[in-house]
Amino acid sequence: MKAYQITSPTGLDALQLVDLPQPEPGPGEILVRIRACSINYRDLAMPRGGYPRNDKMPLIPLSDGAGDVVAVGSGVTEFVEGDKVAGCFFQDWEDGMPTEKQFRTALGGGVDGVLAEYVIFAERGAVKIPAGYSYEQAASLPCAAVTAWHALTKAETRPGQTVLILGTGGVSLF
């Protein structure tokens, strides 16, 4: 399968197209054929190094992607072949205060990301795409949109309140 890898923290020139064996899902994992990816500011910072927890090299970049489940590992109950899914930014964090170990499961950072034809997600590291969403729409949500949503819910904002945003990046736009 084709994939892109960052081979060193020396800038965008370190991004290389490579041929890798197609992964196979293990217990509790799903194999996804990626149909769309989106790029966040964080993804542009990864090839330059210096981003916290970016110590895996080579690294398949990008945290946000969506596609079709093409195989499921043993024990998987939430997904079947043909489901449309998007990956969760952290593959091993569901709730509560994250641990350092969980921080290191960020797609395209601590673990390989989605800039590949096929990727493995943990069963709990993926969500079904809602009906009516395209792959492109779903691929734009995991990092920036969920961060914006989380900030608004943590601030307990209510209809009619004013929210001041800083900047013009993905989180601010969402």
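Attention here is on the structure that accompanies the text. (Residues numbered from 1 in each chain as written. Predicted model: local features only at pLDDT ≥ 70, side-chain atom pairs only at ≥ 80, totals over all residues. Heavy atoms only, no water.)

1. Considering the nonpolar core
Item 1. Ile30, Val32, Phe79, Val85 and Phe121 are the most contacted members of the largest nonpolar core, which totals 21 residues.
Item 2. Here this core takes four residues from strand 3 (residues 29-38), the largest share from any one element.
Item 3. Counting six residues, the second-largest nonpolar core is a separate cluster that includes Ala36, Ala86, Ile129 and Ala139. (Core = buried A, V, L, I, M, F, W, Y, C linked by side-chain atoms within 4.5 Å. Buried < 20%, exposed > 50% of the residue type's maximum accessible area, 1.4 Å probe, protein only. Helix = DSSP H or I, 4+ residues; strand = E, 2+ residues; numbered from the N terminus.)

2. Things to note about unusual backbone geometry
Item 1. In this chain, Met57 is followed by Pro58 through a cis amide linkage whose omega measures -5°.
Item 2. Among the structural elements, Pro58 can be located in the loop between helix 1 (41-45) and strand 4 (64-72).
Item 3. Phi is positive for Glu156, close to 55°, though the residue is something other than glycine.
Item 4. Here Glu156 lies in the loop between helix 4 (141-154) and helix 5 (170-173).
Item 5. Relative accessible area serves as the criterion here: at 55%, Glu156 is assigned to the exposed category.

3. Quick notes on helix 4
Because each turn of an α-helix spans 3.6 residues, side chains separated by three or four positions end up pointing in the same direction.
Item 1. Across its 14 residues, helix 4 extends 18 Å between first and last C-alpha, which sits within 8% of the 20 Å expected from 1.5 Å per residue.
Item 2. Those residues of helix 4 that fall on the buried side of the exposure criterion are Pro142, Cys143, Ala144, Ala145 and Ala148.
Item 3. Considering only its buried residues, helix 4 is in contact with strand 4, strand 5 (84-87), helix 3 (135-139) and helix 5.
Item 4. In the segment just after helix 4, Glu156 is the residue with positive phi, at about 55°. (Expected span 1.5 Å × (residues − 1). Contact = heavy atoms within 4.5 Å.)

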